[in-house]
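# Structural description and commentary
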Amino acid sequence: MSAEIRAWVKEYEQKLRAEARTEGHREGRNEGLNEGRAEEAARAVLTALRVRGIAVPDVARERILAEKDPETLERWLERAIVAASLAEVLDGLS
């Protein structure tokens, strides 16, 4: 392989590595943003329950704060706004 081709291959490999690092950084940042949004949504559920005077035991509080699915959190928030009890808010609460 000629020196010119080796230099091109090396340059191309470096470019691919740089792109991979950039993509990894971007994915990490997006993951962090999604986690922050989920935490904010979970806190909104807890706030709605608190304002409505619905007690939230520690186990339920932990469950709400651990939830990361945005659709579930949105459903819980919608229910928390109108529910009379915690059981009406959380899926499968016994």
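What counts and what doesn't
Residues numbered from 1 in each chain as written. Predicted model: local features only at pLDDT ≥ 70, side-chain atom pairs only at ≥ 80, totals over all residues. Heavy atoms only, no water. Helix = DSSP H or I, 4+ residues; strand = E, 2+ residues; numbered from the N terminus. Rg over C-alpha atoms; globule rule 2.2 N^0.38 Å. Buried < 20%, exposed > 50% of the residue type's maximum accessible area, 1.4 Å probe, protein only. Contact = heavy atoms within 4.5 Å. Areas by Shrake-Rupley, 256 points an atom, 1.4 Å probe, with all protein chains shown as cover. Expected span 1.5 Å × (residues − 1). Arc of directions from axis to C-beta.

On to the overall build of the protein. The secondary structure content of the protein amounts to three helices and zero strands. Reading the protein from its N end, one meets helices and strands in the order α-α-α. Against the 2.2 N^0.38 benchmark of 12 Å for 94 residues, the protein shows a C-alpha radius of gyration of 23 Å, more extended than a compact globule. For the protein, buried positions account for 19% of its 94 residues. Looking at the protein alone, contacts between residues at least 24 apart form 54% of all its contacts between residues at least 6 apart. Accessible surface, the protein: about 7,100 Å² in total, of which carbon and sulfur atoms supply 53%.

Okay, helix H3 (residues 70-82) next. The terminal C-alpha atoms of H3, which comprises 13 residues, lie 19 Å apart, in line with the 18 Å expected from a rise of 1.5 Å per residue. Of all the positions in H3, only Thr-72, Leu-73, Trp-76 and Ala-80 are classed as buried. Taken end-on, H3 shows its buried residues confined to a sector of 95°, consistent with a single buried face. Among the exposed residues of H3, those oriented more than 90 degrees off its buried face are Pro-70, Glu-71 and Val-82.

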